[in-house]
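# Structural description and commentary
Residues per chain are reported as follows:
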Amino acid sequence: MFKKVLVANRGEIAVRVLRACRELGLSTVAVYSDADRTALHVRYADQAYHIGPPPATQSYLCIDKIIAVAKEAEVDAIHPGYGFLAENPAFARACRDAGLAFIGPSPESMELMGDKAAARRTSAQVGIPILPGTDHEIEDEEEAKAVAEQIGFPLLVKAAVGGGGKGMRTVHSPEELPFAVMAARREAQSTFGDGAIYLEQLVEGARHIEVQILGDQHGNIVSLGERECSLQRRHQKLLEESPSMALDEKLRARLWEAAIALAQAVDYTNVGTVEFLLDKDKNFYFLEMNTRLQVEHPVTELVSGVDIVKDQLRVASGRALRYSQEDLRMNGWALECRICAEDPYDGFLPSTGSITGLQEPTGPGVRVDSGIYEGFDVSLYYDPLISKLSVWGETRGEAILRMRRALEEYRIIGVKTNIPFHQQIVNHTEFIYGQFDTSFVESRFAMQQSNGRDLLEAAAIAAAMVAHDKRRSSVGTLEHQEARASNSWRMAGRWEAMGR
Amino acid sequence: MFKKVLVANRGEIAVRVLRACRELGLSTVAVYSDADRTALHVRYADQAYHIGPPPATQSYLCIDKIIAVAKEAEVDAIHPGYGFLAENPAFARACRDAGLAFIGPSPESMELMGDKAAARRTSAQVGIPILPGTDHEIEDEEEAKAVAEQIGFPLLVKAAVGGGGKGMRTVHSPEELPFAVMAARREAQSTFGDGAIYLEQLVEGARHIEVQILGDQHGNIVSLGERECSLQRRHQKLLEESPSMALDEKLRARLWEAAIALAQAVDYTNVGTVEFLLDKDKNFYFLEMNTRLQVEHPVTELVSGVDIVKDQLRVASGRALRYSQEDLRMNGWALECRICAEDPYDGFLPSTGSITGLQEPTGPGVRVDSGIYEGFDVSLYYDPLISKLSVWGETRGEAILRMRRALEEYRIIGVKTNIPFHQQIVNHTEFIYGQFDTSFVESRFAMQQSNGRDLLEAAAIAAAMVAHDKRRSSVGTLEHQEARASNSWRMAGRWEAMGR
Amino acid sequence: MTYVASIDGESFHIGFDDADEIIVDKKHHAASIESTGGPSLYSLIVDNSSYEVHVEEREGSYRVLLLGQLYDVHVEDEGTRRAAKARRAHKAEPDEVVVIRSPIPGLIFDVPAKQGQQVKQGDILVIVEAMKMENELRAPRDATVKATLVSPGD
Amino acid sequence: MTYVASIDGESFHIGFDDADEIIVDKKHHAASIESTGGPSLYSLIVDNSSYEVHVEEREGSYRVLLLGQLYDVHVEDEGTRRAAKARRAHKAEPDEVVVIRSPIPGLIFDVPAKQGQQVKQGDILVIVEAMKMENELRAPRDATVKATLVSPGD
């Protein structure tokens, strides 16, 4: 096993990986930008190295800086997390050239699968159906136009590298194409450092189902089960679950086998996720393979009992898998809500600022993977995903009820979050009955306001009482009021002083 | 199933029960004293009723007040939690007389087992060995002296009702007896409202192992496994685990059977815990039975997968157990650390005050059951147990490493806690190898200070830098300084202002 | 002291006489509100019904988050009016400084809307890049663009 | 500006020249300390080693909690001395008001020690009841009880 590991990432996933390292007794090294001096991952690591200004292109995306830190800190392995350099073969190569273990697949299989267009070719060769689209990068707008005509509309413009729904645009008509191509290129460039894109047919009313696989360096590859990720907005997953209600045992087995076959075809090692699209008639098509740890891996950990990140470290260090496919038994049901700093009442616009109040749900069956704490500044520079709330239940029903309970307990003050959105989703009939596809959130869901008069009255009373208190305790000067408003303790003290 | 449940308790256990009710879709009613107006259990419940001043004898121990609230709120069941009225047969009767379901055993079996002296008789009748001692209450000091002579020293003075190590005193010599009897009586009186006590031989170097049982109203009783609770201080459990390293399969089976036999002998229903003492030669003796939910129930939930509180509600509503003994499979290893507001560096004296900073551990395999939040006042009036930190691991080793990680993450500012104590325990060789008994903490453990010079230097640097900053930013007036010291946000702001 | 609190149409007349009683539309209720740590997080108990509410003042009206539902409550009262006026004059509370809706903190990526242009509700006015995503600010209603004060790159 | 920080015997001379460098016993180190939310919780990075420390000032010396270990650090410096003196004069910071070691917040259950009595180290002086447990305050060393200022029931 390794002795010292560098985590080339930030936020909740850096913390997740650091926790796994610590639980394996490994020393840890974090890297941070100016925006992250006091971020959780910096505080949790044994060592922390500053690598530049906030923009990722000048810090978290700088291969040379990270390799330099790895050498100075004398680590023997690097974990890339997800996003940033996680799917960048050049980075994997740089690690290898520096004599460092890269915790992920080989640069070769990463290249084969990481290039989405190439992956479609491989998949087709293995006999897994794919959707009409380009099997190579789009060179220019002209080619895009031409190909689009063949595929027909609606279609998707997708980044050739990376994943996570970044650098993806839906196009309904030829007029939208140029802007979509440009936007996708820019986003892909700024997120993954590579602006290559390709086109693919868009199947409406389909589900997004992915299979988690894990392989060691001795030829063993297992599936850790599927994840249902159809609840998306702007191609960003919002709520994931495992298992998927859409699969019966037969279809489930076929999907798992397809995923393993594809992985074997490219001598895949470490963790990977094969994403499939399942249409209304239960036909599945290969979408892409993510050659890295997935944001939503906790739901798989909760039902499989496997600590995926620890096993990533184990197999990367050369150990063989401790279990075969037969040994794995999926148990119960897990849900994950992605908590993002976005205002669901205002078009999901990102919300930044200092976390002035934080109360995380705890108790039985609840897991929080968070990158924030009270006092932390949510900055503009990075992904709005600030936390992941996962629950386990004996059944899907129990998991949903537990998620409702946990969401009600979650309090994040200072930035707007999409918690109210999740609360309405887990109370929505179509979700409860599993009647949803990738278009559900954008086409058939809207934030509701219940008009229960008792709740209206409670809201009115709350507002009036706060107004009344403000008025009574008003000390005149605005500065004073504002200082107080920004200070929970004084506020609490004041309430107490008012007494009963 | 019930529609509306009143939780006659406070703190972490009230929150635990409220969560279970919410996850079953039941409406909830909380009761609170003046000290708990903003306590978590009040905030989580659908309704909250004020029942008096802070002292428990005037609020949480008032049967009439609680029954009155239950009637006014029209609940159909009451959950007593642990402590307070949980083991008070008069309360169970009052519930029954008021036509309310009491979520626990019948008053009859509670009386049979709740009276520790009587329980010893029953246990002996079923053929479970007991230790030399009184099988009835001690009337007065004279009788105590006489009995003590027979039993010999050291011995234990124990409260005849209640549990949780309250109202218990160790006596090494006749001189200590009168004070111990008086102290035990007072504590029992103030904690359980009953000052009755009895004497029992004290076996040194023994382990405390208990078996969790659960019975429905149809004659089914199962064991949910044992818990190792030998790590105690002043008869207060500090760290519990399940399973116990001290048992082999054969002994484990015998303990489980003994516990079930005892429960069957008194037609026991709902949850109960049979406590055994295991001496150096692996002989076990019945200690007492707790006829209620146990503080340390989370470790059992983590290894058994059973939500004990939900099943309490189910069986109390008349449902049959959903599983037989054969269906239950214990999986992995769980540890729980009791987080108390006590200063381990100062004789574990209780510490009270306002929680001015709180960061709870999260991530894989970690569970927190807490009764506090940032801004809450830890008062003198109640138990110092403010939170329970539990972890699950595939093996005891993984669980220990995970607990270390979680303890390192736990930050509670404003009151002193025993977290440093737990950190040293889980790093202690004797604990890691399972070489401990009930006397370990008090007789063979002391808080250490490592003299690693690098850590000394880091501590010195931290202190000097804080002093230096205080000096530079000192604005003269003390009031100002103190206001600032009590305000984390201004402090944070100031740091940022200083810049880099 | 009486206030009028209105939520989309519905109005409530809420009066205060003593510390722990209020009168809502002439009906008396036992009510208590307490801060619970968060700067704007309160525990509200009305006739033994317990609610946790997040109340933020925003230009004189209150944004109340209750059981995952958002209510915009306008509270009429001189004090509030004064405070509101004052706040409009004075700038930006800490937690408003970075409200993303004002394009400043993000990078202006594009401004399709041109001065004098007629735009329909939903038309894209400005595209702000923040948190690695482009966010399209659209027209709330049909209108004419009076002026574009920002340009790409800002 | 130089400070002398001492922890049971060991002394460190710590000097500050610019914002992000310190000199410890003549050796230069890159060092940065930042508050992380808690009023006395800091992130300390010294030569890329990251520590989380809880630092509380207590009558001029500092109580530093680091990796579950407690260090009492005495920092010599005029500023500190002044603050310390001032603090001694002035009473009780919020988080000290209820330090249980002063018997006030608990109920005095018994006072075995009587005026003028000779007590040995470890003898029980006062028994305070708090949080449902009796807490025995014992003599730190052999001594004579000059006066008992409290009595049962206080």
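Everything numeric in this text was worked out from a predicted model, so none of it was measured. (Residues numbered from 1 in each chain as written. Chains lettered and ligands numbered in written order. Predicted model: local features only at pLDDT ≥ 70, side-chain atom pairs only at ≥ 80, totals over all residues. Heavy atoms only, no water.)

## Here's the deal with the overall build of chain A
Test applied: Each helix is a run of H or I in the DSSP string that is no shorter than four residues. Each strand is a run of E no shorter than two, and both are numbered from the N terminus. Only C-alpha atoms enter the radius of gyration, while the globule expectation follows 2.2 Å times N to the 0.38, with N the number of residues. Relative accessibility decides the category of a residue: with a 1.4 Å probe and only protein chains considered, values under 20% of the type maximum give buried, values over 50% give exposed, and everything between is partly exposed. The contact rule is simple, with two residues in contact once any of their heavy atoms fall within 4.5 Å. All accessible areas in this document rest on Shrake-Rupley with a 1.4 Å probe, and a residue is counted as covered only by the protein chains that are shown.
Secondary structure assignment for chain A yields 18 helices and 22 strands. Expected size for 500 residues packed as a compact globule is a radius of gyration near 23 Å; at 24 Å, chain A falls within 12% of this value. By principal-axis analysis of the C-alpha atoms, chain A measures approximately 75 × 55 × 50 Å. The 500 residues of chain A split such that 67% are buried. Considering only contacts in chain A between residues 6 or more positions apart, those separated by 24 or more positions represent 65%. By element, 51% of the accessible surface of chain A is carried by carbon and sulfur atoms, the whole surface being about 16,100 Å².

## Focus: the interface of chain B and chain C
Defined as follows: Using a 1.4 Å probe, buried area is obtained as the accessible area two parts lose upon being combined, added over both of them. Whenever Lys or Arg places a side-chain nitrogen within 4 Å of a carboxyl oxygen from Asp or Glu, that contact is recorded as a salt bridge. Pairs of N or O atoms within 3.5 Å make up the polar contacts considered here, provided that, within protein, one atom can donate a hydrogen while the other can accept it, and that residues adjacent in sequence are counted only when both atoms are side-chain atoms.
On the chain C side, the residues contacting the 13 residues of chain B number 14 residues. Together chain B and chain C conceal approximately 980 Å² of surface at their shared face, both sides included; 41% is due to carbon and sulfur atoms. Linking chain B to chain C there are one salt bridge. For C:Glu52, the salt bridge identified is with B:Arg43, shortest N-O distance 2.6 Å. The interface formed by chain B and chain C contains six residue pairs in polar contact (both at pLDDT 80 or more). Counting residues per element, the ones that place at least two in the side of chain B that touches chain C are helix H2 (40–44) and strand E3 (47–52) of chain B. If one sorts the elements of the side of chain B that touches chain C by residue count, E3(B) sits on top with three residues.

## Re the pairing of strand E4 (residues 27–35) of chain D
Within a regular strand, the side chains alternate between the two sheet faces. All names here are of chain D. The following threshold applies: Following DSSP output, two strands are said to pair if at least two bridges run between them.
Bridging between strand E3 (residues 21–24) and E4 involves four bridges; their strand directions are antiparallel. Opposite Val 24, over in E4, you have Lys 27 as the bridge partner. Hairpin connection from E3 to E4: two residues lie between these consecutive antiparallel strands, with Asp 25 at a positive phi of about 45°. Examined bridge by bridge, E4 and strand E5 (residues 41–46) share five bridges and lie antiparallel to one another. Opposite Ser 32, over in E5, you have Ile 45 as the bridge partner.

## Brief notes about helix H5 (residues 107–114) of chain A
Residue and element names in this part refer to chain A. In plain terms, the rule: Picture the helix axis, draw a direction to every C-beta atom, and the arc is the one those directions span.
Among the residues of H5, those classed as buried are Pro 107, Ser 109, Met 110, Met 113 and Gly 114. Down the axis of H5, the smallest arc covering the buried residues is 165°, so these residues share one side. Contacts made by the buried residues of H5 are with helix H4 (89–97), strand E5 (101–102), helix H6 (116–126), helix H9 (249–265) and strand E13 (284–290).

## A few points about the sheet that holds strand E8 (residues 197–201) of chain B
Residues and elements named next belong to chain B. Worth spelling out the cut-off: For helices, the fitted axis covers only the stretch in contact; all axes are lines through C-alpha atoms, and the angles between them, taken along N-to-C directions, range from 0 to 180 degrees.
Spatially, E7-E6-E8 is the arrangement adopted by the three strands of the open sheet, whose pairing is antiparallel. Either end of the sheet is taken by a strand with one partner, and the two such strands are strand E7 (168–171) and E8. Ignoring strand direction, the axes of neighbouring strands in this sheet form an average angle of 25°. Summarising the sheet, strand E6 (residues 155–159) and E8 pair through five bridges and their orientation is antiparallel. Looking across to E8, one finds that Leu 156 is bridged to Glu 200.

## Points about the side chain of A:Glu409
Locating A:Glu409 in the fold gives a position in helix H12 (residues 396–409). Overall, A:Glu409 belongs to the buried group, its relative accessible area being 3%. Within the structure, the side chain of A:Glu409 is placed 2.8 Å from the side chain of B:Arg19, a separation counted as a polar contact. The residues contacting A:Glu409, other than those within four sequence positions of it, are A:Gln359, A:Pro361, A:Thr362, B:Arg19 and B:Tyr44.

## Details of helix H4 (residues 89–97) of chain B
Residue and element names in this part refer to chain B. Residues Pro 89, Phe 91, Ala 92, Ala 94 and Cys 95 constitute the buried set of H4. In the core, the buried residues of H4 are packed alongside helix H3 (63–72), strand E4 (77–79), strand E5 (101–102) and helix H5 (107–114). Near the N-terminus of H4, the side chain that reaches the backbone nitrogen of Ala 90, with its oxygen 2.8 Å away, is that of Asn 88. Phi turns positive, to about 75°, at Gly 99, one or two residues after H4.

## Quick word on the sheet that holds strand E6 (residues 155–159) of chain A
All names here are of chain A. Spatially, E7-E6-E8 is the arrangement adopted by the three strands of the open sheet, whose pairing is antiparallel. One side of each edge strand has no neighbouring strand; the edge strands of this open sheet are strand E7 (168–171) and strand E8 (197–201). With strand direction ignored, the average angle separating the axes of adjacent strands in the sheet is 25°.

## So, the confidence of the model for chain C
Residue and element names in this part refer to chain C. Which entries qualify depends on this criterion: Each residue carries a pLDDT score, the predictor's own confidence in it, on a scale running from 0 to 100.
Per-residue confidence for chain C gives a mean pLDDT of 74; residues scoring 70 or more make up 55%. Looking across chain C, the model is least confident in helix H1 (residues 78–89), with a mean pLDDT of 59, and most confident in strand E5 (residues 41–46), with 95. A low-confidence stretch, residues 91–104 (pLDDT under 50), is modelled with 26 contacts involving residues beyond four sequence positions or located in other chains. Scoring of the predicted complex yields 0.86 for pTM and 0.82 for ipTM.

## Quick notes on unusual backbone geometry
For the bond running from A:Phe153 to A:Pro154, omega is -5°, close enough to zero to count as cis. The backbone of C:Leu67 shows a phi angle near 50°, a positive value even though the residue is not glycine. Tracing the backbone shows C:Leu67 in the loop between strand E7 (61–66) and strand E8 (69–76). Classification of C:Leu67 as exposed rests on a relative accessible area of 52%. Non-glycine residue D:Lys26 carries a positive phi angle of around 75°. With respect to the secondary-structure elements, D:Lys26 resides in the loop between E3 and E4. Residue D:Lys26 is classed as exposed on the basis of its relative accessible area of 77%.

## Details of the packing of aromatic side chains
Here is the rule: Centres within 6.5 Å make a pair out of two Phe, Tyr or Trp rings, where for Trp the six-membered ring is used; the pair is then stacked when the planes are under 30 degrees apart, edge-to-face when over 60, and tilted otherwise. In this analysis the charged atom, NZ for Lys or CZ for Arg, is taken to sit over a ring once it is within 6 Å of the ring centre and within 35 degrees of the ring normal.
Taken as a whole and judged by the stated rule, the model has 22 aromatic pairs over all chains. Arranged with centres 5.4 Å apart and planes meeting at 80°, the rings of A:Phe276 and A:Phe284 form a pair that is edge-to-face. For the pair shown, A:Phe276 and A:Phe284 are each scored as buried. Three or more aromatic residues joined by ring pairs form one cluster here, namely A:Tyr60, A:Phe84, A:Tyr381 and A:Tyr382. One residue, A:Arg207, lies across the ring of A:Phe436, its end atom 4.8 Å from the ring centre. Sitting over the ring of B:Phe431, B:Arg396 keeps its end group 4.7 Å from the ring centre.

## Describing the nonpolar core
The condition is simple: The definition of a nonpolar core used throughout is a set of buried Ala, Val, Leu, Ile, Met, Phe, Trp, Tyr and Cys residues joined through side-chain atoms within 4.5 Å.
By size, the foremost hydrophobic cluster in this structure holds 104 residues, and its most contacted members are B:Leu6, B:Ile78 and B:Ile412. Sort the elements by how many residues they give to this core and helix H1 (residues 11–23) of chain B lands first, with seven residues. If we skip the residues at most four places from it in the chain, B:Ile78 touches B:Leu6, B:Ala8, B:Ile66, B:Ile67, B:Ala70, B:Phe91, B:Cys95, B:Leu100, B:Ala101, B:Phe102 and B:Ile103. Residues A:Ile66, A:Leu224, A:Val315 and A:Trp333 belong to the second largest nonpolar core, which totals 103 residues.

## Remarks on the side chain of B:Gln294
Residues and elements named next belong to chain B. Structurally, Gln 294 is set in the loop between strand E13 (284–290) and helix H10 (297–304). Among the polar contacts made by the side chain of Gln 294, one reaches the side chain of Thr 273 at a distance of 3.4 Å. Apart from the residues within four sequence positions on either side, Gln 294 is in contact with Tyr 82, Glu 210, Arg 227, Lys 237, Thr 273 and Glu 275.

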